[in-house]
Amino acid sequence: MSAIDELLRRARPVKPGLPLRPARELAVLACMDSRLDLFAILGLEPGEAHIVRNAGGVVTPDAIRSLTISQRLLGTRGIVLVHHTDCGMQTITDDGFKADLAEATGMRPDWAVEAFADVDEDLRQSVARISHNPFLAHKDDVRGFVYEVETGRLREVHAEDRTPRR
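The text that follows walks through the structure, step by step, so that each part is easy to find. (Residues numbered from 1 in each chain as written. Predicted model: local features only at pLDDT ≥ 70, side-chain atom pairs only at ≥ 80, totals over all residues. Heavy atoms only, no water.)

### Overview of the sheet that holds strand 4 (residues 142-148)
Within the open sheet, the five strands sit side by side as 2-1-3-4-5. Their pairing is mixed. Here the strands that pair on one side only, and so sit at the sheet edges, are strand 2 (49-54) and strand 5 (153-157). Going across the sheet, the axis of each strand differs from the next one's by a mean of 25°, ignoring polarity. The pairing of strand 4 with strand 5 spans five bridges and is antiparallel. Residue Tyr 147 lies in a different strand from strand 5, and its bridge partner there is Leu 154. (Pairing = 2+ DSSP bridges. Helix = DSSP H or I, 4+ residues; strand = E, 2+ residues; numbered from the N terminus. Axes fitted to C-alpha atoms, helices over the stretch in contact; angles between N-to-C directions.)

Next comes the structure, spelled out in C-alpha cells:
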C-alpha cells in the first residue's frame, strides 16, 4: 500500500460546512516542514485561518499572491509568519543548490532558492517584505515567530531588536 493509499484509508471528515472566510480573519505563512503542526502550535481549529506553506516560509511572489487574495477577497486582516529552527533551508546555499540542479537536469531554475543562515534575521526580512508590499491591504497586524523544534516552544521575533524573545 502506498503512503497516499494509507492516508486515504485513515482520512476522516473535519467539520463539514465551514464558511469560506476564516473565522479569525487570519492568514499564516509558514515553512512546509512536516514537524510543524500549525493547528496545534497556534491553537487553531479548521476554518479559523488560511494556511500558506512553502520551503522556508519564504515571502515569495506566490505567497504574496495567496495572502493578497486571502485579504482582499476573503476578509483576513492579520498575518502570522512561522519559521523554525533546524530548517533544511539552512543547510544549503542558493548558488550551490542551483548548481546541483543544473548538474542533475542540465538547467538552472529561474526561481530564487532563498536559503538562509540565521532564522531570526530571515524572519525579520520576511516581516519587512510583507510590511512593504503594496498589494496587501492590512499590514498593521503582522507578527513573526520561530518554532523551536528542539523544545516545542514558539517565540516571537521582533523587527526592532536583534535578540530573540522567549
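### Details of the pairing of strand 4
Counting buried positions over the seven residues of strand 4 gives six, a clear majority of the element. Judged from the six bridges that link them, strand 3 (residues 78-84) and strand 4 form a sheet pairing that is parallel. Within strand 4, the residue paired with Val 82 across the bridge is Phe 145. Between strand 4 and strand 5, which pair antiparallel one after the other, the connecting turn spans four residues, and Gly 152 there sits at a positive phi close to 80°. (Buried < 20%, exposed > 50% of the residue type's maximum accessible area, 1.4 Å probe, protein only.)

### Section: the environment of Pro 19
Of note, Pro 19 is situated in the loop between helix 1 (3-10) and strand 1 (26-31). In this structure, the C-alpha to C-alpha distance between Pro 19 and Glu 48, residues 29 residues apart in sequence, is 9.5 Å.

### Brief notes about the nonpolar core
By size, the foremost hydrophobic cluster in this structure holds 22 residues, and its most contacted members are Leu 29, Leu 67, Ile 79, Leu 81, Ile 130 and Leu 136. Elements represented by at least two residues in this core include exactly strand 1, helix 3 (61-72), strand 3, helix 5 (119-131) and strand 4. Here this core gets four residues from one element, more than from any other, and that element is helix 5. Those residues in contact with Leu 81, other than ones at most four positions away along the chain, are Leu 29, Leu 123, Ser 126, Val 127, Ile 130, Arg 143, Gly 144 and Phe 145. If you look at the next biggest cluster of nonpolar residues, it comprises 12 residues, including Leu 26, Ala 30, Leu 36 and Leu 44. (Core = buried A, V, L, I, M, F, W, Y, C linked by side-chain atoms within 4.5 Å. Contact = heavy atoms within 4.5 Å.)

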